[in-house]
Structures are given as structure tokens and as C-alpha cells.
Amino acid sequence: MIKNTKVGRNDPCPCGSGLKYKKCCLSKDEASRALQAQAQVSAAPASISFENEQLYIAVPETIEEMYASIDRIAWSQPPYGSLAKELVPHLADRFTWDEINATVLIWFAYSRENAPIVPKPGVVFAALEYSLSLLTGRQDVTKAEVAKRYEVSAGSVSKRIGELAPFVDRAIEALNGEH
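All residue numbers here refer to positions counted from 1 along the written sequence of the relevant chain. Restriction of local features to residues with pLDDT of at least 70 applies here, the model being predicted, together with a cutoff of 80 or more for giving and counting side-chain atom pairs; totals for whole chains, interfaces and linings are based on all residues. Side-chain descriptors were evaluated using all non-hydrogen atoms of the structure, hydrogens and water having been removed beforehand.

**A look at the overall build of the chain**
- Summing up its helical and strand segments, the chain has 7 helices and 2 strands in all.
- When each of the 179 residues of the chain is scored for burial, the buried share is 42%.
- Surface exposure of the chain reaches about 9600 Å², of which carbon and sulfur atoms provide 52%. A run of H or I in DSSP becomes a helix once it reaches four residues, and a run of E becomes a strand once it reaches two; helices and strands are each numbered from the N terminus. Burial here depends on accessible area, computed with a 1.4 Å probe over protein chains only, as a share of the maximum for the residue type. Under 20% is buried, over 50% is exposed, and the range in between is partly exposed. Per-residue and other accessible areas follow the Shrake-Rupley method at a 1.4 Å probe size, with only the shown protein chains counted as cover for residues.

**Here's the deal with the environment of lysine 148**
- If you trace the backbone, lysine 148 turns up in helix H6 (residues 143–149).
- In this structure the C-alpha to C-alpha distance between lysine 148 and glycine 122, which are 26 residues apart in sequence, comes to 9.8 Å.

**Regarding empty space enclosed by the protein**
- As defined here, a cavity is a set of points on a 1 Å grid over the protein atoms alone where a 1.4 Å probe fits but cannot get out. A pocket is an open set with protein on both sides within 12 Å along at least five of seven lines, and residues line them when an atom is within 4 Å of a point. Grid points are joined across faces, edges and corners, and a volume is the space filled by probe spheres set on the points. Going through the model one piece at a time under the given rule, you end up with 1 cavity of 30 Å³ or more.
- The volume enclosed by the largest cavity comes to roughly 30 Å³.
- When residues of the lining of the largest cavity are traced back to their parent elements, those giving at least two are helix H4 (97–114) and helix H5 (121–135).
- Polar here means any residue outside two lists: the nonpolar Ala, Val, Leu, Ile, Met, Phe, Trp, Tyr, Cys and Pro, and the charged Asp, Glu, Lys and Arg; Gly therefore counts as polar. Looking at the lining of the largest cavity residue by residue, the classes come out as 5 nonpolar, 2 polar and no charged.

**Here we look at the packing of aromatic side chains**
- Working definition: rings of Phe, Tyr and Trp (its six-membered ring) pair if their centres are within 6.5 Å, and the pair is stacked with planes under 30 degrees apart, edge-to-face with planes over 60 apart, and tilted otherwise. Tallying each qualifying case throughout the model produces 5 aromatic pairs.
- For the ring pair tryptophan 107 and tyrosine 110, a centre distance of 5.7 Å and an interplane angle of 40° mean the geometry is tilted. Taken as a pair, tryptophan 107 and tyrosine 110 lie in helix H4 at a separation of 3 residues, close to a single helical turn.
- With a centroid separation of 5.6 Å and 90° between ring planes, the pair formed by tyrosine 110 and phenylalanine 167 is classed as edge-to-face. Here the residue tyrosine 110 occupies a position in helix H4, and phenylalanine 167 occupies one in helix H7 (residues 154–178), the gap between them amounting to 57 residues.

**Some remarks on the pattern of salt bridges**
- Salt bridges, as used here, are contacts in which a Lys or Arg side-chain nitrogen is within 4 Å of a carboxyl oxygen on Asp or Glu. This model, assessed by the stated rule, comprises 7 salt bridges.
- One salt bridge connects arginine 94 with aspartate 93, and the closest N-O pair in it is separated by 3.2 Å.
- Among the ionic pairs, glutamate 129 bridges to arginine 94, the shortest N-O distance being 2.8 Å. Of this pair, glutamate 129 sits in helix H5 while arginine 94 sits in the loop between helix H3 (78–92) and H4, and the two are 35 residues apart along the sequence.
- Among the residues examined, glutamate 129 registers a relative accessible area of 2% and is labelled buried.
- The class of arginine 94 is partly exposed, set by a relative accessible area of 28%.
- The network of salt bridges with shared partners includes Asp93, Arg94, Glu129, Glu145 and Arg149.

**Quick look at the packing of H4 against H5**
- To obtain an axis, a line is fitted to C-alpha atoms, over the contacting stretch when the element is a helix, and the angle between two such axes runs from 0 to 180 degrees between their N-to-C directions. Packing of H4 against H5 leaves a shortest axis separation of 10 Å and a crossing angle of 120°. Accordingly, the angle class assigned to the pair H4 and H5 is oblique. When the axes of H4 and H5 are compared, the crossing they make is right-handed. Mapping the contact onto sequence places Glu99, Thr103, Ile106 and Trp107 in H4 and Val124, Leu128, Leu132 and Leu135 in H5.
- Within the contact of H4 with H5, the residues separate by chemical class into 6 nonpolar, 1 polar and 1 charged. Each angle gets one of four labels, with under 35 degrees taken as roughly parallel, over 145 as roughly antiparallel, 65 to 115 as roughly perpendicular, and the rest as oblique. Note on convention: near helix rotated counterclockwise from far helix by under a right angle means a left-handed crossing. Clockwise means right-handed. Here, two residues are considered to be in contact whenever any of their heavy atoms come within 4.5 Å of each other.

Structure, rendered in C-alpha cells:
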């Protein structure tokens, strides 16, 4: 008899790599679920499940709607939700609401798994914006440009981009798999 149980963060990864799940496929699975959640927005009811929690997602079309959407997410620590809200106005003039929503969901998955310490929010903003640019295929955005926009060092941005990279790569893979 096969028992269907949830894989714990410290359990061996079910892919057979020999690594713990949290060091192997957890971020991929969370990013994939976040992207699936976003993809279901137009066809799904007002709420969807994300790791046994309900995220109420309607494609936001204003900053106020985006803030309300962020408030409905069960952040592991309240400052992560506040940071997401601070990010929105920075992206609003350059990206679509769908793209901003995807970025918030990537930040949610990343912050939930890594519980990052954020001494300078500008570093996270720059890294997320650069990652969003990669996700949307905008090749003209550089690390130096986003670092300058948020008045932080390019080295700090590069480091955070590296930490976000697995989430962004898996998001790109999930999007390519859907098309």
C-alpha cells in the first residue's frame, strides 16, 4: 500500500538526489506552485491552495488591489509582506500587474524557504526587478542599472540575484512547460 504523505523540508528529496528536500526541489516546487497559481487566475475561482493555505488571487489592476492581494498572503514574517508592498510602486510604471504579481509570488516562495535578513530593502528590490526582467525576456536591463536605481551596490544585488536564481529559473521552466 502506497502512503501519500507530505515531504518534510528535512526529508530526503523524492527525486533521488540524496539531498534534503529543502536543499534540492523545495524551491522548484514552491515556485512552480506560485506560477501555477498565477496561471489559474483567469480561469480559476477567487481562491486557490498554496501549501495548505488559501491565496486569494484576482489579477490586480491598481496599486490598491495589489496591496490587498499582498495582505491576503500568509507571510512567514510580516516584514516580508511589507517589503512586497514597498516594491509595488517601484515596478508599477515598468511592468504589468501580472508580472508584478508573479514577482510577489517569487518573493513569497523565496522568503518562506530562506527567511532572509534584509538590512537594505533596495538590494531585494533591485534583485527582484532584475529577476523579473529575466523572467519577462527583457534583455536590456542590467544589474548595474537596477543597482543604481535603488542606490545599492551592484555586488550586493548580484549576490541576492544568485540566491533568487533557482526560483526564477524554475519559474521560467514552468512557464516554458506550459507553452
